[in-house]
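Given next are the chains, with one letter for each unit.
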Amino acid sequence: MSIKLKKILKSREITSVLFIIGIFLLVGIFNLNFLSANNIFQTINGSVVYALVALGMSFVLFTGEIDVSIGATLGFAAALAGTLINKGLPLILVVVIVILFGVAVGVINSIGILYFDIPSIIMTLGTNGVIRGLIYVYTDGKWIENLPLSFKNIAQIKLFNGFSLIFILVILLSLCFYFVTEKTEFGKSFKAVGDNIEGARLIGISVKRIKYISYIICSVLASLAGILYASRVGFVTPTAGVGYEMTAIAACVIGGISLNGGIGTVFGSVLGSVIMTSISRVLVFLGFPSTFDNTITGLILIVIVVLGAVFDRRKSEKLRKERLAAKIV
């Protein structure tokens with residue numbers, strides 16, 4: 001077996017794929033309907049909003065930072081898109097307005113973190129609270145309903161007898177991001193900053209610029225996910241997007257992206273999103289109420305982070321012993 005093939009088989013993405021297959025086979029033993037093509041496509045297509053949010057989150061995590069404002073950003077973007085669509089604005093104009101909203105959120109987060117040295121968790125938590133409050137002000141605490149059928153049908157367009165058009169577009173977007181982050185000097189800068197910030201500075205990478213861009217990408221994708229959310233669900237409540245930041249972080253981590261930065265790929269975040277959606281559907285098929293979702297998500301995140309820390313410590317210890325043995329010889 002070639003070294004390259006061995007490396008691929010040991011990659012976190014392959015592990016994630018095997019984990020997804022394992023979930024379906026295990027639950028399928030207890031409920032055969034879980035293995036039906038209809039359920040598999042529903043699970044994959046149902047992960048699209050999480051996948052888009054997680055894609056954006058992966059850029060922030062690559063740099064060793066975090067953004068917990070994306071749930072509120074998604075919720076406000078969904079409310080904004082819903083009201084504008086109901087007023088009859090063209091979809092393309094709505095998309096542009098929502099993207100500008102995402103850029104504004106990313107810029108605010110970046111200024112607070114990079115120019116006022118506010119820790120990212122504190123800054124984005126504050127932004128999350130402000131935006132969540134603005135959702136209630138903007139909607140007057142009411143649901144946004146009666147969205148046009150043409151808008152709701154966008155999320156239902158199917159290709160190849162099962163995959164949704166939106167999911168395929170997200171996959172194409174992740175392919176573009178993968179090429180940029182793995183094959184271009186600019187894209188590699190995100191992980192370089194997270195891996196060794198001083199080293200990145202020494203080789204001429206503008207750390208502030210890279211982090212600035214990462215927050216804007218994260219907020220813009222969360223905003224676009226808000227449009228998808230409104231289209232898929234068909235209405236928007238003031239609590240739309242609550243908990244999405246936790247799911248996106250868990251999806252990234254389970255897909256192999258390190259919370260310490262510098263490790264992982266954007267594909268991992270997409271696969272992690274499918275896993276998180278699968279787990280939600282497992283709970284439904286096994287008779288658990290949906291109220292368990294956040295608890296399970298939190299537990300998974302804790303377990304994965306703890307296991308990751310244990311493996312990293314063992315790996316560091318092994319490398320230290322190997323270096324020590326080499327010096328003795």
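Residues numbered from 1 in each chain as written. Predicted model: local features only at pLDDT ≥ 70, side-chain atom pairs only at ≥ 80, totals over all residues. Heavy atoms only, no water.

Student: Whenever I open this one, the overall build of the protein chain confuses me. Can you help?
Tutor: The helix and strand inventory of the protein chain stands at 15 helices and 2 strands. Its C-alpha radius of gyration of 21 Å places the protein chain within 12% of the 20 Å reference for a compact globule of 329 residues. Out of the 329 residues belonging to the protein chain, those deemed buried represent 48%. Long-range contacts, defined here as pairs at least 24 residues apart, represent 76% of the contacts in the protein chain between residues at least 6 apart. Accessible area for the protein chain stands at about 16,800 Å²; split by element, carbon and sulfur atoms hold 68% of it. Placing the 27 positive and 15 negative side-chain charges of the protein chain at their respective mean positions leaves the two points 7 Å apart. (Helix = DSSP H or I, 4+ residues; strand = E, 2+ residues; numbered from the N terminus. Rg over C-alpha atoms; globule rule 2.2 N^0.38 Å. Buried < 20%, exposed > 50% of the residue type's maximum accessible area, 1.4 Å probe, protein only. Contact = heavy atoms within 4.5 Å. Areas by Shrake-Rupley, 256 points an atom, 1.4 Å probe, with all protein chains shown as cover. Lys, Arg positive; Asp, Glu negative; His and termini not counted. Charge placed at Lys NZ, Arg CZ, Asp CG, Glu CD.)

Student: Can you help me understand the environment of Tyr229 in this one?
Tutor: Among the secondary structure elements, Tyr229 is positioned in helix 12 (residues 207-233). Separated by 134 residues in the primary sequence, Tyr229 and Val95 place their C-alpha atoms 13 Å from one another. With residues near it in sequence (within four places) discarded, Tyr229 still touches Val49, Leu74, Ala78, Gly234, Phe235, Ala240, Gly241 and Tyr244.

Student: Help me out: how do you make sense of the packing of aromatic side chains in this one?
Tutor: The geometry of an aromatic ring pair is captured by two quantities: the separation of the ring centres and the angle between the planes. Inspection of every chain in the model, using the stated rule, returns 13 aromatic pairs. A centroid spacing of 5.3 Å and a plane angle of 40° characterise the contact between Phe76 and Tyr138, whose relative ring orientation is tilted. Taken together, the residues span a long stretch of sequence, with Phe76 in helix 5 (residues 70-86) and Tyr138 in helix 7 (residues 120-139) at a distance of 62 residues. Within the aromatic cluster, the residues linked to one another by ring pairs are Phe59, Phe62, Phe177, Phe186 and Phe190. A cation over a ring is seen here: Lys191 above Phe62, with NZ or CZ 5.3 Å from the ring centre. (Phe/Tyr/Trp six-rings, centres within 6.5 Å; stacked < 30°, edge-to-face > 60°. Lys NZ or Arg CZ within 6 Å of the ring centre and 35° of its normal.)

Student: Looking at this structure, I do not really get the pattern of salt bridges. What am I missing?
Tutor: Oppositely charged side chains can form a pair if their charged atoms are brought close together. In this structure the tally under the stated criterion is 4 salt bridges. In this structure, the salt-bridge partner of Lys142 is Asp140, at a minimum N-O distance of 4.0 Å. Across the pair Arg201 and Glu198 runs a salt bridge, and its minimum N-O distance is 2.9 Å. Of this pair, Arg201 and Glu198 both sit in helix 11 (residues 197-202), separated by 3 residues, roughly a single helical turn. Arg201 sits in the partly exposed class, given a relative accessible area of 44%. Overall, Glu198 belongs to the partly exposed group, its relative accessible area being 48%. (Salt bridge = Lys/Arg side-chain N within 4 Å of Asp/Glu carboxyl O.)

Student: Is there a simple way to explain the side chain of Thr139 in this structure?
Tutor: Along the chain, the position of Thr139 falls in helix 7. In this structure Thr139 comes out as buried when scored by relative accessible area, which is 11%. If sequence neighbours within four positions are ignored, Thr139 has contacts with Ala79, Ile144 and Pro238.

Student: Explanation requested: unusual backbone geometry in the structure shown.
Tutor: Note: most residues except glycine have negative phi, and most peptide bonds are trans. Within the chain, Asp117 stands out as a residue other than glycine whose phi angle is a positive 55°. Topologically, Asp117 is positioned in the loop between helix 6 (91-115) and helix 7.

Geometric descriptors of this kind do not, in isolation, establish any biological role.
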